[in-house]
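# Fold and geometry: a report
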Amino acid sequence: EHVHRTAPLDEHRGAEAALGAVLVFLPGWDSIAKVMDACRDRMPPSETLILPLHASLDTREQNRVFKRSAPGVRKIILSTNVAETSITIDDILYV
């Protein structure tokens, strides 16, 4: 329900905001998996890139969060607190 209501984040912010990624903090892997499934069910894959970030993921998977998404595609990172103090993701506009 919350995923559906908050999807049009930047309709009032203009073209620059369309490039910004979203970082969502969640308490653990189970929550990440549930929210990831909900996002993928409600958001078109042509418009969103849903990425998990958790300490148990291998380095290659973790590094995907640092790459910018394709033009017109919103990157949404679902993370535990590993992203809170230990890394910087340059294109995050919304937390």
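As shown above, the structure is provided for reference.
To continue, consider the sheet that holds strand E4 (residues 92–94). Sheet architecture is open: 4 strands sit in the order E2-E3-E1-E4, paired in parallel fashion. On the outer flanks of this sheet lie strand E2 (48–53) and E4, each paired with one strand and no other. Taken pair by pair, the neighbouring strands of this sheet meet at an average axis angle of 35 degrees, ignoring direction. Pairing between E2 and strand E3 (residues 74–79): 6 bridges, direction parallel. Bridging from a neighbouring strand, Pro52 pairs with Leu78 of E3.

As a further point, take the pattern of salt bridges. Counted according to the given criterion, the structure contains 2 salt bridges. Residue Glu61 is joined to Arg64 by a salt bridge in which the shortest nitrogen-to-oxygen separation is 3.5 Å. You can call Glu61 partly exposed: its relative accessible area is 23%. Overall, the relative accessible area of 35% leaves Arg64 in the partly exposed class. Of the charged contacts, one joins Asp91 and Lys75 as a salt bridge, the two residues approaching to 3.0 Å between their closest N and O atoms. Remark: Lys75 occurs in strand E3 and Asp91 occurs in the loop between helix H4 (82–85) and E4; sequence separation between them is 16 residues. The same class applies to Asp91 as to Lys75, namely buried.

So, on to helix H2 (residues 29–42). Counted at 1.5 Å a residue, the expected span for H2 with its 14 residues is 20 Å, and the 20 Å between its end C-alpha atoms agrees. Buried residues of H2: Ile32, Met36, Ala38 and Cys39, and no others. Along the axis of H2, the buried residues cluster in a sector spanning 165 degrees; they form a single face. Away from its buried face, by an angle of more than 90 degrees, H2 presents the exposed residues Asp30, Lys34 and Asp41.

Conventions adopted
Residue numbers restart at each chain and count upward from 1, following the sequence in its written direction. Only residues with pLDDT of 70 or above have their local features reported here, since the model is predicted, and side-chain atom pairs are shown and tallied only from 80 upward, although totals for entire chains, interfaces and linings are computed over all residues. Each side-chain value is derived from all of the structure's non-hydrogen atoms; neither hydrogens nor water enter the calculation. Whether two strands pair comes down to DSSP finding at least two bridges between them. Helical segments are the DSSP runs of H or I of at least four residues, strand segments are the runs of E of at least two, and each set is numbered from the N terminus. Angular values range over 0 to 180 degrees, each being the angle between N-to-C directions of two axes fitted as lines to C-alpha atoms, with helices fitted over their stretch in contact. Definition used for salt bridges: Asp or Glu carboxyl oxygen within 4 Å of a side-chain nitrogen of Lys or Arg. With a 1.4 Å probe rolled over the protein chains alone, any residue whose accessible area is under 20% of its type maximum counts as buried; one over 50% counts as exposed, and the rest are partly exposed. One fewer than the residue count of a helix, multiplied by 1.5 Å, yields its expected span. An arc is given here, and it is the one of the directions from the helix axis to the C-beta atoms.

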